[in-house]
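These are the residues of each chain, in order.
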Amino acid sequence: MPTDKTDAVVVGAGVIGSSIAYELAAQGYEVLVIDKSGGPGYGSTSASSAVIRFNYSTFDGMAAAWESLHCWQNWNEHLNATVDGALAKFRQCGMALLDVDVAPHARTIGLFEKIGIDYQLWDATTLVEKIPGIDAGKYYPPKPVDSESFFADAETTLGALYTPQAGFVDDPQLAAANLAAAARSHGAVFAYNTRVVAVEQLPDGIWQLGLDDGESVKSKIVVNAAGPWSGAFNKLSNVGADFKVSVRPLRQEVHHVTAPTGYNDDEILGPMIADLDLGTYMRAEPGNGFLVGGTEPDCDPLEWIDDPDTANPNRTVARFEAQVFRAARRFPTLEVPSQPKGIAGVYDAASDWTPIYDKTDRQGFYVAMGTSGNQFKNAPIAGRLMSRIIDQVEAGHDHDADPLTYVGMHTGLEIDLGAFSRLRAPNAESTGTVMG
């Protein structure tokens, strides 16, 4: 162990934990990051689709995503040019959110206009013109792919809400590595292949973390950014009794196929598609690839697990068929391979699909939880939100009674950090899916 005492310990070196470490270290904190894996972003970050979109159901969620876009667009600047070597790249391709009643466009457009996000409304004719090969049929609600109803003809058509500035990051694990390198440039220390096995708060308020190598470290501040292991780490630390939002590990799969005919145009990647009508999402991969994931439709059982370490790391035929057959329904020219190809990972999913960026009821213990699945996009800003909360709470501010705000450096938007509180009321506007 490089040190037995530090200002702040961040547990988890994924894209969120590495971002928090970077922001704290840049402000002068002595930071130690502990991760059970062998490097930054080796956990659920590496299984992320790395989609950068803005259509959240709340102003604060959308404002955070819009602010984060500007960080991704200026990634080297965000890192303060502290990283040598390859940098993750943002690929702008736009995104079409297909019409669906569960995510009405009127509310989303109102938030877009309030924030200043460009958008276009496409009818069915425009949708087919803009995305060659797409079937504009309306099939809602999503149905099991092995049911007769799945193959029923569409009785009407749908359009889409299109955001041209959306896109994706080409290498999510590299993004985490970039943030970790930036944190190290400010003195942060990373301890990989290390597990926290015991946590105790001493009478003076200092936290003592026992490690699996028999060593221990003391710190005034602990930040739980352990992804799907965050709930177990809270339990180990005797934290979370007052949470009004639950968080639980959820196994997911993302599959890779060849893009449908006409979807890409020479070097221009086709737009991402959020298809809650069928229960899937799709985005381009460089090299004429096509990535397909799910949006947790009611007809598909969710794979909640108790211990992320026991999750099946392999893609499955059942999940492959459920997701890729839906994509083939939307794109009739999509070729479905005989063998599944893709990745499996575990998400840290909050009950309302909104993250928890907050203090806790234990002095000096902070959480960045419920982030997997839809918070990769907000990783740059998540570090700044958490560092603001930590700075002010450690200085004596009562964030529970008087929620802090954060003003975006790029957009000037004021974000109410109470929207990410562990004590918040469940988001009634949530789609109940990864779309938030």
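Shown above is the structure to which this text applies.
In this text, all values refer to a predicted model and were calculated from it rather than measured experimentally.

J.: I'd like a rundown of the overall build of the protein, residues and numbers included.
T.: Helices and strands together make up the secondary structure of the protein, namely 9 helices and 22 strands. Whereas a compact globule of 436 residues would reach a radius of gyration of roughly 22 Å, the protein reaches 21 Å, a difference of no more than 12%. Dimensions of the protein, computed from C-alpha atoms along their principal axes, come out at roughly 65 × 45 × 45 Å. Burial status across the protein gives 59% buried among its 436 residues. Positive and negative side-chain charges in the protein, numbering 32 and 56 respectively, have mean positions lying 2 Å apart.

J.: So what's going on with empty space enclosed by the protein? Residues and values would help.
T.: Evaluated as defined, the whole model comprises 3 cavities of 30 Å³ or more. The computed volume of the largest cavity comes to approximately 110 Å³. Together, Gln252, Gly279, Gly294, Thr295, Glu296, Pro297, Asp300, Pro301, Leu302, Arg319, Gln323 and Arg326 line the largest cavity. When residues in the lining of the largest cavity are grouped by element, the largest group, 3 residues, is from helix α8 (residues 317-330). Taken together, the residues that form the lining of the largest cavity break down as 3 nonpolar, 5 polar and 4 charged. As for the second largest cavity, its lining consists of Gln252, Glu253, Val254, Tyr281, Gly293, Gly294, Glu296, Gln323, Tyr347 and Val434. Counting residues per element, the ones that place at least two in the lining of the second largest cavity are β13 (247-258) and β16 (289-294). Counting residues per element, the lining of the second largest cavity draws most heavily on β13, which supplies 3 residues.

J.: Outline the packing of aromatic side chains, listing residues and values.
T.: Counted according to the given criterion, the structure contains 13 aromatic pairs. Measuring from centroid to centroid gives 5.2 Å for Trp72 and Phe376, while their planes differ by 10 degrees, and the two rings are stacked. You can see Trp72 sitting in helix α2 (residues 59-73) and its partner Phe376 sitting in the loop between β20 (365-369) and α9 (379-394), a full 304 residues away along the chain. Given a relative accessible area of 4%, Trp72 falls into the buried group. Cluster of aromatic residues (ring-pair linked, three or more members): Trp72, Trp75 and Phe376. The ring of Tyr56 carries the charged tip of Arg53 above its face, separated from the ring centre by 4.6 Å. The ring of Phe168 carries Arg283 above its face, with NZ or CZ at 4.0 Å from the centroid.

Cut-off values and rules
- Residues numbered from 1 in each chain as written.
- Predicted model: local features only at pLDDT ≥ 70, side-chain atom pairs only at ≥ 80, totals over all residues.
- Heavy atoms only, no water.
- Helix = DSSP H or I, 4+ residues; strand = E, 2+ residues; numbered from the N terminus.
- Rg over C-alpha atoms; globule rule 2.2 N^0.38 Å.
- Buried < 20%, exposed > 50% of the residue type's maximum accessible area, 1.4 Å probe, protein only.
- Lys, Arg positive; Asp, Glu negative; His and termini not counted.
- Charge placed at Lys NZ, Arg CZ, Asp CG, Glu CD.
- 1 Å grid on protein atoms, 1.4 Å probe; cavity = no way out; pocket = protein on both sides within 12 Å on 5 of 7 lines; lining within 4 Å.
- Points joined across faces, edges and corners; volume = space filled by probe spheres on them.
- Nonpolar A, V, L, I, M, F, W, Y, C, P; charged D, E, K, R; others polar.
- Phe/Tyr/Trp six-rings, centres within 6.5 Å; stacked < 30°, edge-to-face > 60°.
- Lys NZ or Arg CZ within 6 Å of the ring centre and 35° of its normal.

From the geometry alone we can't say anything about function, so treat these as descriptive.
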